[in-house]
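Examining the three-dimensional arrangement
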Amino acid sequence: MRRESTLREMGLGPVWRLRDAPVDNIGVSPVPKRGFPAVTPTSAAVEQAPARQHLTPTLAAGEGRGEAIARMDWPELKSTVADCDACMLCRERKQAVLGVGDVNADWLFIGEGPGAEEDERGEPFVGQAGKLLDAMLAAIDLKRGDDVYIANAVKCRPPDNRTPDPEETSACWPFLERQVALIKPKLIVALGKPAAQTLLNAEVKISASRGRLFDFKGIPLIITYHPAYLLRNLADKAKAWEDLCFMRSTMRKLKGTV
Ligand code: SF4
């Protein structure tokens, strides 16, 4: 009953249909954390981009910033993000939003950036898109904060909810990289194109990337739609359900429970 109601909340009703997830063709096998073999995405899904650049003046001035962030523990990371002015997004934020959830989670979901409600409340995914994300999690028996951590590519709200520009994602990158290193998730889920591009440092086509496993520093990475996109494109919710099933089956294989 619970699954039915969460699927209804996702707007999938009784009409969703399971895709045959291609997990058997992608070589996923149970392995310890950090030991996952790299899965090279096809060129149709990811086009090579130039090496990640650190472009903001503040960053250029802050020699060694990335290295310093890479050594931080959670309290240091939290306070550094709260006071950060490394890109223009600090100017209009009410507060920086680091992330929320279980810092030892197997699941790490990464979105784009905080919106108005997130900026107000200091937590990612708390508006309508957040409700949909919670419903999506519930559909595969997951819950925010319980073996799940949720973060964004940038920690401060882009004005008018625009997509963060490359300088901003680049400036914020060391924080996200450190979060991944501290959490050590078994599986990363990129919600939407900006998150996927930030993690892979490459141009990504969501439609060509769904249902595939990518690799982020030895951690399997799955790409799906951002919940805000799904709210505007109801027809794609069925595809999101397929992606959720793919995530769940991948995690089961990673944990060796199938
Ligand atoms: Fe700093 Fe990231 Fe906020 Fe930019 S978005 S000011 S890099 S915390």
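The rules we used
- Residues numbered from 1 in each chain as written.
- Predicted model: local features only at pLDDT ≥ 70, side-chain atom pairs only at ≥ 80, totals over all residues.
- Heavy atoms only, no water.
- Salt bridge = Lys/Arg side-chain N within 4 Å of Asp/Glu carboxyl O.
- Helix = DSSP H or I, 4+ residues; strand = E, 2+ residues; numbered from the N terminus.
- Buried < 20%, exposed > 50% of the residue type's maximum accessible area, 1.4 Å probe, protein only.
- Axes fitted to C-alpha atoms, helices over the stretch in contact; angles between N-to-C directions.
- Parallel < 35°, antiparallel > 145°, perpendicular 65-115°, else oblique.
- Left-handed = near helix turned anticlockwise from the far one by under 90°.
- Contact = heavy atoms within 4.5 Å.
- Nonpolar A, V, L, I, M, F, W, Y, C, P; charged D, E, K, R; others polar.
- Pairing = 2+ DSSP bridges.
- Expected span 1.5 Å × (residues − 1).
- Bend = angle between axes of the 7 residues up to and from the residue.
- Polar contact = N/O pair within 3.5 Å; in protein donor to acceptor, adjacent residues only side chain to side chain.
- pLDDT = per-residue confidence, 0-100.

For the rest of this paragraph, the subject is the pattern of salt bridges. By the definition in use, this model includes 11 salt bridges. The closest approach of N and O atoms between Lys255 and Asp106, which form a salt bridge, is 3.4 Å. One end of the pair, Lys255, is in helix α11 (residues 237-255); the other, Asp106, is in the loop between β2 (99-101) and β3 (107-111), with 149 residues separating them in the sequence. Owing to a relative accessible area of 10%, Asp106 belongs among the buried residues under this scheme. The partner of Asp236 in a salt bridge is Lys239, and the shortest N-O contact between them spans 3.2 Å. Residue Lys239 is classed as partly exposed on the basis of its relative accessible area, which comes to 34%. Sharing partners across several salt bridges, the network here consists of Asp106, Asp147, Lys186 and Lys255.

For the rest of this paragraph, the subject is the packing of helix α4 (residues 74-83) against helix α7 (residues 166-183). The geometry of α4 relative to α7 is characterised by a closest axis approach of 11 Å and an angle of 160° between their N-to-C directions. Between α4 and α7, the angle falls in the class roughly antiparallel. Seen along the crossing, α4 lies across α7 with a hand that is left-handed. Note on element contacts: α7 touches α4 through Phe175, Arg178, Gln179, Leu182 and Ile183, opposite Trp74, Leu77, Thr80 and Val81. Of the residues contributing to the contact of α4 with α7, the split by class is 6 nonpolar, 2 polar and 1 charged.

Let us now look at the sheet that holds β2. Taken in spatial order, the 6 strands of this open sheet run β2-β4-β3-β5-β8-β7, and their pairing is mixed. The open sheet has two edge strands with one neighbour each: β2 and β7 (214-216). Looking at each pair of strands side by side, their axes are set apart by 25° on average, direction ignored. Packed onto the sheet, α11 meets β3, β5 (187-191) and β8 (219-224) and runs at close to 170° relative to β8.

Looking now at α7. Counted at 1.5 Å a residue, the expected span for α7 with its 18 residues is 26 Å, and the 25 Å between its end C-alpha atoms agrees. A bend of about 45° at Trp173 is the largest found in α7, and the proline Pro174 appears one to four places after it. Of all the 18 residues making up α7, 14 are buried; the element is thus mostly covered by neighbouring parts of the structure. If you check the start of α7, you find a side-chain oxygen 3.1 Å away from the backbone N of Glu167, and it comes from Asp165. After α7 finishes, the residue Lys184 shows a positive phi value of roughly 55°.

Moving on, we come to the confidence of the model for the chain. Overall, the prediction assigns the chain a mean pLDDT of 84, with 76% of residues at 70 or greater. Under a pLDDT of 50 for its full length, residues 13-40 has, in the predicted model, 56 contacts with residues more than four places off or in other chains. Per-residue pLDDT stays below 50 along residues 54-61; that stretch engages in 14 contacts with residues further than four places along the chain or on separate chains.

As a further point, take the pairing of β5. One face of the sheet, then the other: side chains in a regular strand alternate in exactly this way. In terms of residue burial, β5 counts as a mostly covered element, since 5 of its 5 residues are buried. The two faces of β5 match: Leu187, Val189 and Leu191 on one face and Ile188 and Ala190 on the other face are all buried. Sheet analysis places β3 next to β5, joined by 4 bridges and oriented parallel. Residue pairing across strands places Ile110 opposite Ala190, the latter belonging to β5.

Not every positive phi belongs to a glycine, and Phe125 is a case in point at roughly 55°. With respect to the secondary-structure elements, Phe125 resides in the loop between α5 (116-121) and α6 (128-139). Phi is positive for Asn201, which is not a glycine, with a value near 55°. With respect to the element layout, Asn201 can be found in the loop between α8 (193-200) and β6 (202-204). For Asn201, a relative accessible area of 23% puts it in the partly exposed group.

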